[in-house]
Amino acid sequence: MIPNPEKPLKFENLIKKAGWIYRRSDNLHMWRKRYYELDNNIFRLGEDESFKDVRVINLAEYDVKWLNKLDKRFAICFTAKTKNVKGQYNIGDENEAVMKELYEKVMLALVN
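Source: prediction; values computed, not measured. Residue positions within a chain follow its written sequence, with the count starting from 1. For a predicted model such as this one, the threshold for reporting local features is a pLDDT of at least 70, and the threshold for listing and counting side-chain atom pairs is 80 or more; totals across whole chains, interfaces and linings nevertheless cover every residue. By convention in this description, side-chain values take in all heavy atoms of the structure and omit both hydrogens and water.

(A) Local environment of the side chain of Ser25. If you trace the backbone, Ser25 turns up in the loop between β1 (16-24) and β2 (31-39). Buried residues are those whose accessible area, probed at 1.4 Å on protein chains only, stays under 20% of the maximum for their type, while exposed residues exceed 50% and partly exposed ones sit between those limits. The buried category is assigned to Ser25, whose relative accessible area is 14%. Here a polar contact is recorded for every N or O atom pair within 3.5 Å, except that within protein the pair must consist of a potential hydrogen donor and a potential acceptor, and residues adjacent in sequence are included only if both atoms are side-chain atoms. Polar contacts involving the side chain of Ser25 include one to the main-chain amide nitrogen of His29, which spans 3.1 Å. By definition in these notes, contact holds between two residues if any of their heavy atoms fall within 4.5 Å. Excluding residues within four positions of it along the chain, Ser25 makes contact with Met30 and Arg32. Labels follow the DSSP assignment, with helices taken as runs of H or I lasting at least four residues and strands as runs of E lasting at least two, numbered in each case from the N terminus.

Structure (structure tokens):
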């Protein structure tokens, strides 16, 4: 069954989280501070709270993997399942507790 894009998905338990995180750039592999928002199965990354230069990650289209250390940061790797979406995103932080909490929320969103 193909979901209707005009009708939002309904989740039993709403999963929401927002804050600041670091995203590793694709070409230079530099870590840049970005604002993120997790809204059920949609993960948004932007330069600031207004989501300038926003990247939208539909979690259903990505495999999610915990990376214990990537360039001295605890990280989450989003890898595309198909070629229809952008290949890979790496987000991370030096604080392990922050990343573990975000990873658990992302995994909950995938289950729902």
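Now, onward.
(B) Spotlight on the pattern of salt bridges. The term salt bridge refers to a pairing of a side-chain nitrogen on Lys or Arg with a carboxyl oxygen on Asp or Glu at a separation within 4 Å. Under the definition given, this model contains seven salt bridges. Residue Glu37 pairs with Arg44 through a salt bridge whose shortest N-O separation is 2.9 Å. For Glu96, the salt bridge identified is with Lys100, shortest N-O distance 3.9 Å. You can see Glu96 and its partner Lys100 sitting in helix α1 (residues 96-111), four residues apart, about one turn around the helix. Of the residues examined, Glu96 reaches a relative accessible area of 33% and is grouped as partly exposed. One connected set of salt bridges, linked through shared partners, spans Arg23, Asp26 and Lys86.

(C) Focus on the nonpolar core. Ranked by internal contacts, the top residues of the largest apolar core, which has 22 residues, are Phe43, Ile57, Leu59, Ile76, Phe78, Ile91 and Leu102. Listed by contribution, the elements that provide at least two residues to this core are β2, β3 (42-46), β5 (62-70), β6 (73-80), β7 (88-93) and α1. Setting aside its immediate chain neighbours within four residues, Phe78 contacts Ile57, Leu59, Tyr62, Asp63, Val64, Gly87, Gln88, Tyr89, Ile91 and Val106. In this text, buried Ala, Val, Leu, Ile, Met, Phe, Trp, Tyr and Cys residues form a nonpolar core when linked through side-chain atoms within 4.5 Å. In this structure, Trp31, Leu67, Leu70 and Ala75 belong to the second largest nonpolar core, which totals five residues.

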